[in-house]
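This is what each chain is made of:
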Amino acid sequence: MFQEFTILLFLEYCAGVDVISRASKKEVYLDKTFFMSLENYQVNAKYVTEAQYPWVAKIVHSSSEDIPYMCTAICIDDRVFITAARCIYSLKIKHTRVIYQNVKLPVLTFVLPSIPSKQAFDDIGFIVVQPANTEPVWKKVALYNKKRTDDAFQWFADSNFNNYKVIGYATQKGIHRIKSADRVFNLTELTVIINIELCSKIMTFHDHITGFRVPCYHSCNADEFIKKDPKCSNYHGVEGGAVVSSDGILLGIATWGAYFHKYELPVGFSVVNSNNFYSDFDCAKRIRDSGVNGGYQGICG
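Reading guide: rules and limits
- Residues numbered from 1 in each chain as written.
- Predicted model: local features only at pLDDT ≥ 70, side-chain atom pairs only at ≥ 80, totals over all residues.
- Heavy atoms only, no water.
- Helix = DSSP H or I, 4+ residues; strand = E, 2+ residues; numbered from the N terminus.
- Contact = heavy atoms within 4.5 Å.
- Areas by Shrake-Rupley, 256 points an atom, 1.4 Å probe, with all protein chains shown as cover.
- Disulfide = S-S within 2.5 Å.
- Buried < 20%, exposed > 50% of the residue type's maximum accessible area, 1.4 Å probe, protein only.
- Pairing = 2+ DSSP bridges.
- Axes fitted to C-alpha atoms, helices over the stretch in contact; angles between N-to-C directions.
- Core = buried A, V, L, I, M, F, W, Y, C linked by side-chain atoms within 4.5 Å.
- Polar contact = N/O pair within 3.5 Å; in protein donor to acceptor, adjacent residues only side chain to side chain.
- Salt bridge = Lys/Arg side-chain N within 4 Å of Asp/Glu carboxyl O.
- Expected span 1.5 Å × (residues − 1).
- Arc of directions from axis to C-beta.

Draft legend 1. Region of interest: the overall build of the protein chain. On a plain count of helices and strands, the protein chain comes out with seven helices and 18 strands. Sequence separation of 24 or more characterises 69% of the internal contacts of the protein chain that already satisfy a separation of 6 or more. A total of about 13,600 Å² of accessible surface is found on the protein chain, and carbon and sulfur atoms cover 49% of it.

Draft legend 2. View of the state of the cysteines. Here the structure, examined in full by the defined rule, presents four disulfides. A disulfide bridge connects Cys71 with Cys87, and the sulfur atoms are separated by 1.9 Å. Classification of the bridge connecting Cys71 and Cys87 rests on its S-S torsion, roughly -80°, and on that basis the disulfide is left-handed. Of the two residues, Cys71 sits in strand β6 (residues 69–77) while Cys87 sits in helix α2 (residues 85–88), which places them 16 residues apart along the sequence. For the pair Cys71 and Cys87, a shared accessibility class is recorded, and that class is buried. Linked covalently through their sulfurs, Cys283 and Cys300 form a disulfide whose S-S length is 1.9 Å. Torsion about the S-S bond of the Cys283 and Cys300 cystine: about 90°, corresponding to right-handed handedness. Highlighted residues: Cys283 in helix α6 (residues 275–290) and Cys300 in helix α7 (residues 296–300), separated in sequence by 17 residues. Cys283 sits in the buried class, given a relative accessible area of 11%. Taking relative accessible area as the criterion, Cys300 reaches 25% and is therefore assigned partly exposed. Ordering the disulfide-forming cysteines of the protein chain by sequence position, one finds them joined as 1-2, 3-4, 5-6, 7-8.

Draft legend 3. Just the sheet that holds strand β8 (residues 96–100), in detail. The strand order around the closed barrel formed by six strands is β5-β6-β7-β10-β9-β8, and the pairing between neighbours is antiparallel. The sheet shows a mean angle of 40° between the axes of neighbouring strands, taken without regard to direction. Against the sheet, α6 engages β6, β7 (80–84), β9 (103–111) and β10 (124–129), with an angle of about 10° to β10.

Draft legend 4. Quick look at the nonpolar core. Of all hydrophobic cores here, the largest spans 90 residues; its most connected members are Trp55, Ile74, Phe81, Ile82, Phe126 and Ile194. Those residues in contact with Phe81, other than ones at most four positions away along the chain, are Ala57, Ala73, Ile74, Cys75, Val98, Tyr100, Leu105, Gly125, Phe126, Ile127, Val129 and Trp138.

Draft legend 5. Seen up close, the environment of Ile299. Tracing the backbone through its elements, the reader meets Ile299 in helix α7. Under the relative-accessibility criterion, Ile299 is labelled partly exposed at 22%.

Draft legend 6. The side chain of Ser274, seen in detail. For Ser274, the position within the fold is in the loop between β18 (267–271) and α6. Only 3.0 Å separates the side chain of Ser274 from the backbone nitrogen of Phe277, close enough to count as a polar contact.

Draft legend 7. Quick look at the pairing of strand β13 (residues 186–195). Across two bridges, the pairing between strand β4 (residues 46–47) and β13 is antiparallel. In the strand pairing of β13, Tyr47 is matched with Thr188. For strand β12 (residues 164–172) and β13, the ladder comprises seven bridges, and the chain directions are antiparallel. Its bridge partner lying in β13, Lys165 is registered against Thr191. Here β13 pairs with strand β14 (residues 216–218) via three bridges, running antiparallel. Each residue of the ladder has a partner; that of Asn195, found in β14, is Cys216.

Draft legend 8. Summary view of the pattern of salt bridges. For the structure shown, the criterion picks out ten salt bridges. As a salt-bridge pair, Arg288 and Asp77 come within 3.4 Å of each other at their nearest N and O atoms. Linking Arg288 in helix α6 with Asp77 in strand β6, this pair joins segments that are 211 residues apart in sequence. The residues Arg288 and Asp77 share a single accessibility class, namely buried.

Draft legend 9. Spatial organisation of α6. With 16 residues, α6 should cover 22 Å at 1.5 Å per step; its first-to-last C-alpha distance of 22 Å lies within 8% of that length. Listing the buried residues of α6 in full gives Asn276, Phe277, Asp280, Phe281, Cys283, Ala284, Ile287 and Arg288. Down the axis, α6 shows its buried residues gathered within 165° of arc, on one side only. Relative to its buried face, α6 has exposed residues pointing more than 90 degrees away, namely Asn275 and Asp289. Buried positions along α6 lie against β6, β7, β9, β10, β11 (142–143) and α7. Two residues or fewer past α6, Gly291 is found with a positive phi of approximately 75°.

Structure (structure tokens):
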């Protein structure tokens, strides 16, 4: 099966020595890793409504229209949303709106990691929206609250993550290749499997190359993927997609993933427990509560 991938040589070039755990320093080495961009599509995902997930929102890059859709965002506090940092790096604040509970919210500022990860694979971006005379009722998702104990994702490998799904606005596969501002993105969900081996086995062609030992999800496990289990054809990969437990706890945000037309590949995500995340969350709340317009660098230090 792995020999059928025409992207093998590309990944070999990009990965090289790739992700190497250096236990003595408890960090991950990503010198030759390449984390590709998600294409915001789904295959066989279930259609759901905003009423089921009132904390979900969509980001559009227009001050007047509901298009073009850019990515999914998640409300984690009053006037504070998170998404994949990749989504908002190139957006202009004055043109960006967050559509939340059918209300179009103007953006006050973005907060991006001051110490970015390699190609933003572990980067979550914060969006603080402007105050309004009549604000929506803020429905917020609960956050995973166990801190990282190392920077090599050994804490992730040692954890068990069962009964999860990913939720976000996606278009259908095939249509997603048509670059049109009026493409339809529906809120969908997919049950997924989460573990450290998904990307480290599948993306490395069962250890033909070294790398990708980072948090990932897929609709099947690595062994099922190798055996071509039909459920592995299910897929959900959108920037900002929420990885949520069955009891409604947000584990992470989808940030990267490779595209291959024959098979659906795992999706990488950032867990909401990095030092960057906590620091940037604090910064976003300080800006929100400051009551000032501008000069945010001084607020966050």
